[in-house]
Each structure stands twice: as C-alpha cells, then as structure tokens.
Amino acid sequence: MNQLSSFTHLFWDLDGTLTESAPGIMNSARHALDYYGIHDVPQSTLKKFIGPPLMDSFQELFGFSHEKAHEAMGKYREYFWEKGLFENSVYNGIIETLQALKNQGKHLYVATSKPEVFMKRILERFQLARFFEFAGGSDLEESRSEKALVIQYVIQENHLEEERKNGKILMIGDRKHDIIGAHKNNIPCCACLWGYGNRQEFSEFGADYVIERPKELL
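Residues numbered from 1 in each chain as written. Predicted model: local features only at pLDDT ≥ 70, side-chain atom pairs only at ≥ 80, totals over all residues. Heavy atoms only, no water.

*Asks:* Explain the pattern of salt bridges to me, please; I cannot follow it from the model alone.
*Replies:* Pairing between side chains of opposite charge can happen when the charged atoms of each approach one another. A full pass over the atoms with the stated rule returns 10 salt bridges. For Lys-147, the salt bridge goes to Asp-13, with nearest N and O atoms at 3.1 Å. Residue Lys-147 is located in helix α7 (residues 147–157), and its partner Asp-13 is located in the loop between β1 (9–12) and β2 (19–20); the two are separated by 134 residues in the primary sequence. With a shortest N-O distance of 2.8 Å, Lys-184 and Glu-146 are connected by a salt bridge. Of this pair, Lys-184 sits in helix α9 (residues 176–184) while Glu-146 sits in the loop between β5 (134–138) and α7; the two residues are 38 residues apart in sequence, bridging distant segments of the chain. (Salt bridge = Lys/Arg side-chain N within 4 Å of Asp/Glu carboxyl O. Helix = DSSP H or I, 4+ residues; strand = E, 2+ residues; numbered from the N terminus.)

Set out below in structure tokens:
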C-alpha cells in the first residue's frame with residue numbers, strides 16, 4: 001500500500017500522460033503556421049502547443065487575434081485529423097498499469113482538453129478505450145477546453161460529487177494545467193515526470209504527488 005492507494009477514481013490526462021503525442025501536435029502546429037508564412041519555428045516553441053488549448057497557444061505564442069487563432073485552429077486540424085493524431089505512441093508501462101488498476105477495482109476516466117472527436121479516435125486506435133468508464137474532453141469550439149471545466153464535466157456526467165467531497169478522486173497529468181484544474185475542483189493532482197512537465201513546474205504549481213513511472217500508482 002502507498003499513499004496513492006486510497007484513491008478509488010482516477011482521472012487521466014491524455015497528451016503527455018497516456019500517450020507521447022508531441023510529434024503529431026508539433027507537425028500540426030507547423031502546418032498551421034506555414035499557412036501564415038511563419039516558418040522555421042524552434043522545436044522549443046512548438047512543444048508549447050502540447051497541453052494548453054489551441055486557441056490560447058496561437059494567441060499567447062504568436063499574438064494572433066481571437067479570430068485569427070480560430071482560423072489557425074482549423075488549419076491545425078486539417079493536418080491533425082489526417083495524420084497528426086496517429087503520430088503518437090503509448091508510454092511504456094501505461095497499458096500494464098491501467099490493467100492492474102482495473103484489476104484492483106479502481107474506476108478510471110479520461111479528462112483532456114483535446115476535443116472528444118479526436119480523443120476517441122486516439123483511445124480506440126491505441127487500444128486504451130477499454131480501460132475507461134468515461135472519457136471527457138473539449139468540444140471542437142474549445143468552449144470546454146480549460147482543464148477545470150473538463151474535470152467538472154467528468155464529475156457531473158458520472159455523478160461523482162460525493163466521491164469528490166470524500167477525497168476519492170485523483171487527477172493524473174503532466175502539466176500545470178492539470179494541477180490548476182484539479183485544485184479548482186478541490187481535487188489533488190499527481191504529476192507525472194514521463195510527460196512534458198518537470199519538477200520545477202510541479203513544485204511551483206503545487207502538485208500534491210510526483211511520480212516517475214506509471215507503476216508507482218499501484
């Protein structure tokens with residue numbers, strides 16, 4: 001038994017937590033930026049598209065207006081729908097950990113800022129869907145893209161208010177958005193080091209737990 005064993009309902013982020021999604025996201029962002037004549041964008045900048053809502057990334061990283069960011073999101077998805085979502089792989093140890101958690105009677109859910117239409121294709125393609133009782137994401141307009149709203153949506157859709165109040169829900173993610181979103185819902189967050197975040201980020205935003213490998217959840 002470890003300090004994570006008391007949680008019975010586990011909410012999982014997708015990008016950077018279940019799957020190594022960087023190649024598809026970065027290539028999709030590059031495709032959209034090329035359309036606007038923005039070329040040779042550093043890898044370090046493209047990596048910042050991993051995690052946050054797309055609208056936020058285009059506006060904050062490149063100064064796009066709301067309207068231009070919305071159009072850029074469409075360009076991004078041209079590539080992502082055809083190729084990007086499958087330029088992806090499941091992290092080592094995830095399948096085994098999800099199966100073991102299910103065997104222990106844990107209830108597993110997905111809570112991602114990625115639009116559900118993409119999320120479902122990814123979960124099916126990589127044979128992850130079978131582990132989850134419910135998978136919640138954003139809509140295509142990203143009106144529910146903030147992680148706090150996604151977590152709230154998963155709680156409401158599954159009638160988990162009592163579990164939340166009793167401290168039975170844990171959010172598992174790799175970026176500050178997961179920590180912030182969980183805490184806005186009064187849920188602790190376990191930050192994972194195999195994704196795109198780091199110890200400094202997790203410390204700054206107050207992750208409740210930090211793990212290096214999926215099996216530490218067992």
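*Asks:* Got a minute to help me understand the sheet that holds strand β4 (residues 107–115) in this structure?
*Replies:* In a beta sheet, neighbouring strands pair by backbone hydrogen bonds and run either parallel or antiparallel. Within the open sheet, the six strands sit side by side as β5-β4-β1-β6-β7-β8. Their pairing is parallel. Taken across any chain shown, the strands that pair with only one partner, and hence form the sheet edges, are β5 and β8 (209–211). In this sheet, neighbouring strand axes are inclined to one another by 25° on average, regardless of whether the strands run parallel or antiparallel. Note: strand β6 (residues 169–173) against strand β7 (residues 189–192), three bridges, orientation parallel. (Pairing = 2+ DSSP bridges. Axes fitted to C-alpha atoms, helices over the stretch in contact; angles between N-to-C directions.)

*Asks:* Sorry if this is basic, but what is going on with the environment of Pro-115 here?
*Replies:* Secondary-structure assignment places Pro-115 in strand β4. Placed 23 residues apart in sequence, Pro-115 and Ser-138 show a C-alpha to C-alpha distance of 4.2 Å.

*Asks:* Explanation requested: the packing of aromatic side chains in the structure shown.
*Replies:* The description of an aromatic ring pair uses the distance of the two centres, along with the angle that the planes make with each other. This model, assessed by the stated rule, comprises 12 aromatic pairs. Seen in terms of ring centroids, Phe-49 and Phe-58 are 5.0 Å apart; in terms of plane orientation they differ by 65°. Their pairing is edge-to-face. In this structure, Lys-68 is placed above the aromatic ring of Phe-64, and the distance from its NZ or CZ to the ring centre is 4.4 Å. The residue whose ring lies beneath Lys-75 is Tyr-35, and the NZ or CZ to ring-centre distance is 4.1 Å. (Phe/Tyr/Trp six-rings, centres within 6.5 Å; stacked < 30°, edge-to-face > 60°. Lys NZ or Arg CZ within 6 Å of the ring centre and 35° of its normal.)

*Asks:* Explain the side chain of Lys-75 to me, please; I cannot follow it from the model alone.
*Replies:* Among the secondary structure elements, Lys-75 is positioned in helix α4 (residues 66–82). What makes Lys-75 buried here is its relative accessible area of 18%. (Buried < 20%, exposed > 50% of the residue type's maximum accessible area, 1.4 Å probe, protein only.)

*Asks:* Help me out: how do you make sense of the pairing of β6 in this one?
*Replies:* Within a regular strand, the side chains alternate between the two sheet faces. Burial analysis of β6 places five of its five residues in the buried class, which makes it a mostly covered element. Since β6 and β7 lie parallel, the crossover through α9 that links them has a hand, and here it is right-handed. (Right-handed = clockwise from strand over helix to strand, strands pointing away.)

Distances and angles like these do not, on their own, reveal function.
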